[in-house]
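# An overview of the molecular structure
Chain by chain, the residues:
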Amino acid sequence: MQSSLLSHLATPPTRIPPPIPTSSHRRRRPPPPFAAAAATPPLRHQVTHSMPPEKAEVFKSLEPWATRSVLPLLKPVDLCWQPNDFLPDPSHPSEDFLDEVRALRDRTAGLPDEYFVVLVGDMITEEALPTYQTMINTLDGVRDETGASPSPWAVWTRAWTAEENRHGDLLRTYLYLSGRVDMLMVERTVQYLIGSGMDPGTENNPYLGFVYTSFQERATFVSHGNTARLAKDGGDPLLARICGTIASDEKRHENAYARIVEKLLEVDPSGAMLAIADMMRKKITMPAHLMYDGKDPHLFEHFSAVAQRLGIYTADDYADILEFLIERWRLEKLEGLTGESRRAQDFVCGLAPRIRKLQERADERARMLEPRGVKFSWIFNKEVMM
Ligand SMILES: [Fe+2]
Ligand SMILES: [Fe+2]
């Protein structure tokens, strides 16, 4: 069972349904057929370049540090896993290859449809990678100015993107071979999503951007870790290993971004504290919050509700991630803050219990509601309970 508040908390992005205008009375209208081709209308009041220009100097001065402390968190290409390591090997003789495909299909046959709804949602999220590289390159002071800039920020972003690129490729191919999902609808959703972009509220401001990515990478670590667990329980140990391997990349990426915020807290504690509070007030919007398949204008909410019900990404996870980062950044012990940044510290450090309380109330309300099913085009319009 799922209330809208619950799903809002679970994956706090639901303030924005798919590519539709913002005013609430228009939200329920299906988008025009050319929605993704047309520019997506502004989704919230869009603030740009909120970091004072002089603060770009902070990032310039941190370049040697980033080279020493962030770039080593990348893995050399030759040591990285590749999708091919986990997939039926097309270089094998046809019969062997087809046997490997058959084995894959036999393993996935035991997994329930609702599992595929979440795995597809996660895969689509990964497949919108062009959007995330774009988003990071909106950030002042750290963007890749040329496309091949030698700045360590740009080197990181390109190599991070290259590592991430394997996630969508692997999940997509595995799902394709499984035969369990409607690839046409999945592919349409990816195209819509990349066309729509995302609206994380990071304002070209790398302080906000790196808080966002710290949180987001941990959220994907949690989510892929849980899809791994359910794959194992459902009888597909290879899919479990795939999801677990992707989760461990996410963890390494989370570590890099959290390390950057940690450094910002050291060199500019007030600025960094205000940025953390700002992002938490806005709520961390999931990167695929604008997903749409051409049919369901509430696709993201519905996907989030299934993820919540299966325990793959929940409101509790959101609160856990916040608590983890508060601890990791030692925010409760942060000293030397005054005025507004002190209040920001109080707000952030007191937020997780408030989220949990709201969640409990939403759970209670949800228990009063009739269970309802929603059809997902990704699984051939079969119905899944919310
Ligand atoms: Fe990823
Ligand atoms: Fe990631």
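Residues numbered from 1 in each chain as written. Chains lettered and ligands numbered in written order. Predicted model: local features only at pLDDT ≥ 70, side-chain atom pairs only at ≥ 80, totals over all residues. Heavy atoms only, no water.

Along the chain, the regular secondary structure elements total 15 helices and two strands. Looking at the chain as a whole, 57% of its 386 residues qualify as buried. Counting only contacts in the chain whose residues sit at least 6 apart along the sequence, the fraction spanning at least 24 positions is 82%. Carbon and sulfur atoms form 54% of the exposed surface of the chain, whose accessible area is close to 16700 Å². (Helix = DSSP H or I, 4+ residues; strand = E, 2+ residues; numbered from the N terminus. Buried < 20%, exposed > 50% of the residue type's maximum accessible area, 1.4 Å probe, protein only. Contact = heavy atoms within 4.5 Å. Areas by Shrake-Rupley, 256 points an atom, 1.4 Å probe, with all protein chains shown as cover.)

For the rest of this paragraph, the subject is the coordination of the iron ion (ligand 2). Within the first shell, the iron ion (ligand 2) binds the protein through Glu164 (OE), Glu217 (OE) and Glu250 (OE), at distances of 1.9 to 2.1 Å. Within one chain, the residues donating to the iron ion (ligand 2) are spaced in sequence as E-x52-E-x32-E. (Donors = N, O, S within 2.8 Å, 3.2 Å for Na, K, Ca; no water.)

The sites that carry the UniProt feature "binding site: Fe cation 1" (unreviewed entry) are, in the present numbering, Glu126, Glu164, His167 and Glu250. Taking the farthest pair of C-alpha atoms as the criterion, the annotated set spanning 125 residues converges on one region, since that pair is 11.2 Å apart. Once you skip the residues sitting within four places of it in the chain, Glu164 turns out to touch Glu126, Leu129, Glu217, Glu250 and His253. With relative accessibility at 0%, the residue Glu250 sits in the buried group. Filtering out sequence-adjacent residues up to four positions away, Glu250 remains in contact with Glu126, Glu164, His167, Glu217, Thr220, Phe221 and His224. Within the structure, Glu250 has its side chain in polar contact with the side chain of Thr220 (distance 3.4 Å). (UniProt positions renumbered as here; feature names shortened; annotations may be inferred. Polar contact = N/O pair within 3.5 Å; in protein donor to acceptor, adjacent residues only side chain to side chain.)

Moving on, we get to the environment of Gly244. Among the secondary structure elements, Gly244 is positioned in helix H10 (residues 237-267). When the C-alpha atoms of Gly244 and Thr227 are compared, they prove to be 8.2 Å apart, with 17 residues separating the residues in sequence.

We now examine the coordination of the iron ion (ligand 1). The iron ion (ligand 1) binds to the protein through Glu126 (OE), Glu126 (OE), Glu164 (OE), His167 (ND1) and Glu250 (OE); the donor distances cover 2.0 to 2.4 Å. Separation of the iron ion (ligand 1) from the iron ion (ligand 2) amounts to 3.3 Å, with Glu164 serving as a shared donor to the pair. One end of the pair, Glu126, is in helix H5 (residues 113-127); the other, His167, is in helix H7 (residues 152-178), with 41 residues separating them in the sequence. Comparing Glu126 with His167, the two get one shared label, buried.

Taken N-terminus to C-terminus, the directions of helix H9 (residues 206-233) and helix H13 (residues 315-328) make an angle of 130 degrees; their axes are 10 Å apart at the nearest point. By the criterion of interaxial angle, the relationship of H9 to H13 is oblique. Remark: the crossing between H9 and H13 carries right-handed chirality. Packed against H9, whose contacting residues are Ser214, Phe215, Arg218, Ala219, Val222 and Asn226, the element H13 presents Asp317, Tyr318, Ile321, Leu322, Phe324 and Leu325 at the interface. When the residues that make up the contact of H9 with H13 are grouped by side-chain class, the tally is eight nonpolar, two polar and two charged. (Axes fitted to C-alpha atoms, helices over the stretch in contact; angles between N-to-C directions. Parallel < 35°, antiparallel > 145°, perpendicular 65-115°, else oblique. Left-handed = near helix turned anticlockwise from the far one by under 90°. Nonpolar A, V, L, I, M, F, W, Y, C, P; charged D, E, K, R; others polar.)

Next up on the list: unusual backbone geometry. Despite not being glycine, Lys283 has its phi angle at roughly 70 degrees, a positive value. Following the sequence through the fold, Lys283 ends up in the loop between helix H11 (269-282) and helix H12 (299-309). Look at Lys283 and you get partly exposed, because its relative accessible area is 28%. Although it is not a glycine, Arg330 adopts a positive phi angle of roughly 50 degrees.

Glancing now at helix H14 (residues 339-349). Regarding H14, the residues found buried are Ser341, Ala344, Gln345, Phe347, Val348 and Cys349. Contact partners of the buried residues in H14: H11, H13 and helix H15 (351-368).

The next point concerns the UniProt feature "binding site: Fe cation 2" (unreviewed entry) in the chain. UniProt records the feature "binding site: Fe cation 2" (unreviewed entry) for Glu164, Glu217, Glu250 and His253 in the present numbering. These annotated residues cover 90 residues of sequence, and their C-alpha atoms all fall within 10.8 Å of one another, placing them together at a single site. The exposure class of Glu217 is buried, given its relative accessible area of 5%. There is a polar contact of 2.6 Å between the side chain of Glu217 and the side chain of Trp160. Its place among the elements puts His253 in helix H10. Within polar-contact distance, the side chain of His253 engages the side chain of Glu163 at 2.7 Å.

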